[in-house]
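# An overview of the molecular structure
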Amino acid sequence: MKITFLGTGTSQGVPVIACKCNTCQSNDPNDKRLRSSVLIENDGDVFVIDAGPDFRQQMLKYNVERLDAILLTHEHKDHTGGLDDVRAYNYLQKKPMPIYCEKRTANALKLEYHYVFAKERYPGIPEFDIRLIDDKSPFKIGNTTITPIRVMHHKLPVLGFRIKNFAYITDANYISEKELKKLDGVEVMVLNALRKEKHISHFTLNEAIEVIQKINPRQGILTHISHLMGKHNEVSKLLPANIIFSFDGLEINL
Ligand SMILES: [Zn+2]
Ligand SMILES: [Zn+2]
Ligand SMILES: [Zn+2]
């Protein structure tokens, strides 16, 4: 399995438009973060987790010539804002794009992309094939089995995903003991860490480190990072030996 980090930034991305802070002004490519998403290639199956406003740019940058499915963690715009651009794959693959999400997220897509669901379809609009999932049952994309993990994003229930010994959780600030059990034996664990200061709906740096150390994976990887975290190279020095900050373009082979 190969995992490519297509984006590792929080909802505004890094740099933030017109921000003059040190991180946003940095020339280090690791301080340029598109909105969070990963590309997963496993056993012939190719899919992404989330498709935010940078989806088109990410598909171009990483030359993704085929896409079998999109998994959505939740309906916030930084995770769904790029879905209009599945049109390219609709033309190429001659079918609607399978989108795996839970019911509440699907209902939000029906509002945000009302034209996709219209009875009288305007020619050339994207085609979605919504496939409902929940936190109870694993599901399959081709040969790949995916186990959803329920996490909380303040009051909003969000899905994380485990695939073999890889887990990807973003936009969380609470994971119950019961759901943590689903992460037993995970080798590589991705978790969101927004910034150092407390936030209402995201783990802070210390909170994320604490959760990762509880799971004790070989490699912890932090994502969904704000410019307020600081420069990649400087804050990286604060991390325990088994944890790194993700950066756009990071590849993991498992
Ligand atoms: Zn987000
Ligand atoms: Zn900034
Ligand atoms: Zn969110």
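Above this text you will find the structure in question.
Throughout this document, residue positions are counted from 1 along each chain, in the order its sequence is written. For this description, chains carry letters from A and ligands carry numbers from 1, given in the order in which they are written. Under the rules for a predicted model, residues below a pLDDT of 70 receive no local features and side-chain atom pairs below 80 are neither given nor counted, while totals for whole chains, interfaces and linings still include all residues. Where side-chain values are given, they derive from all heavy atoms of the structure, hydrogens and water being excluded.

### A word on the overall build of the protein chain
Secondary structure counts use DSSP, requiring at least four H or I residues in a row for a helix and at least two E residues in a row for a strand, with both numbered from the N terminus. Of regular secondary structure, the protein chain possesses 8 helices and 14 strands. For a compact globule of 254 residues, the expected C-alpha radius of gyration is about 18 Å, and the protein chain comes in at 17 Å, within 12% of that figure. Referenced to the eigenvectors of the C-alpha coordinate spread, the extents of the protein chain come out at roughly 55 × 45 × 35 Å. Out of the 254 residues belonging to the protein chain, those deemed buried represent 56%. When checking whether two residues touch, look at their non-hydrogen atoms; a contact exists if any pair is within 4.5 Å. A sequence separation of at least 24 residues applies to 63% of the contacts in the protein chain between residues at least 6 apart. A total accessible area of about 11600 Å² is found for the protein chain, and carbon and sulfur atoms account for 52% of it. Distance from the positive charge centre (34 side chains) to the negative charge centre (31 side chains) of the protein chain: 2 Å. A radius of gyration in this sense is built from C-alpha atoms; the matching globule rule multiplies 2.2 Å by the number of residues raised to 0.38. Only protein chains enter the calculation, and the probe is 1.4 Å; a residue is then buried if its accessible area is under 20% of its type maximum, exposed if over 50%, and partly exposed in between. Throughout, the Shrake-Rupley method with a 1.4 Å probe supplies accessible areas, and for residues the shown protein chains are the sole cover considered. Here Asp and Glu are counted as negative and Lys and Arg as positive; His is not counted, and neither are the chain ends. Where a charge lies is defined by one atom per residue type: Lys uses NZ, Arg uses CZ, Asp uses CG and Glu uses CD.

### A look at the side chain of Asn-192
You can see Asn-192 is positioned in strand E11 (residues 188–192). In this structure Asn-192 comes out as buried when scored by relative accessible area, which is 0%. What qualifies as a polar contact is a pair of N or O atoms within 3.5 Å, subject to a donor-acceptor requirement within protein and to the restriction that residues adjacent in sequence count only when both atoms come from side chains. There is a polar contact of 3.5 Å between the side chain of Asn-192 and the backbone nitrogen of Asp-171. Contacts of Asn-192, omitting those with residues within four sequence positions, involve Ile-169, Thr-170, Asp-171, Ala-172, His-202, Phe-203, Ala-208, Thr-223 and His-224.

### Details of the coordination of the zinc ion (ligand 1)
Distances up to 2.8 Å from the metal define which N, O and S atoms are donors, and 3.2 Å serves for Na, K and Ca; water is absent from the atom set, so sites may look incomplete. Protein coordination at the zinc ion (ligand 1) comes from Asp-78 (OD), His-79 (NE2), Asp-171 (OD) and His-224 (NE2), with a distance range of 2.1 to 2.2 Å. In primary sequence terms, the donor set of the zinc ion (ligand 1) follows D-H-x91-D-x52-H. The distance between the zinc ion (ligand 1) and the zinc ion (ligand 3) comes to 3.5 Å, and Asp-171 binds to both of them. With Asp-78 in helix H3 (residues 77–80) and His-224 in the loop between strand E12 (219–223) and helix H8 (232–235), this pair connects stretches of sequence that are 146 residues apart. Each member of the pair, Asp-78 as well as His-224, is classed as buried.

### Some details on the packing of aromatic side chains
Note on ring pairs: Phe, Tyr and Trp rings are taken, using the six-membered ring of Trp, and paired if centres are within 6.5 Å. Classes follow the plane angle, with under 30 degrees stacked, over 60 edge-to-face and the rest tilted. Inspection of every chain in the model, using the stated rule, returns 6 aromatic pairs. Ring geometry for Tyr-113 versus Tyr-115: centroids 6.1 Å apart, planes at 65°, classification edge-to-face. By relative accessible area, Tyr-113 is classed as buried at 5%. On the basis of relative accessibility, which here comes to 27%, the residue Tyr-115 falls in the partly exposed class. Ring pairing ties together the aromatic residues Tyr-113, Tyr-115, Phe-117 and Phe-128, which thus form one cluster.

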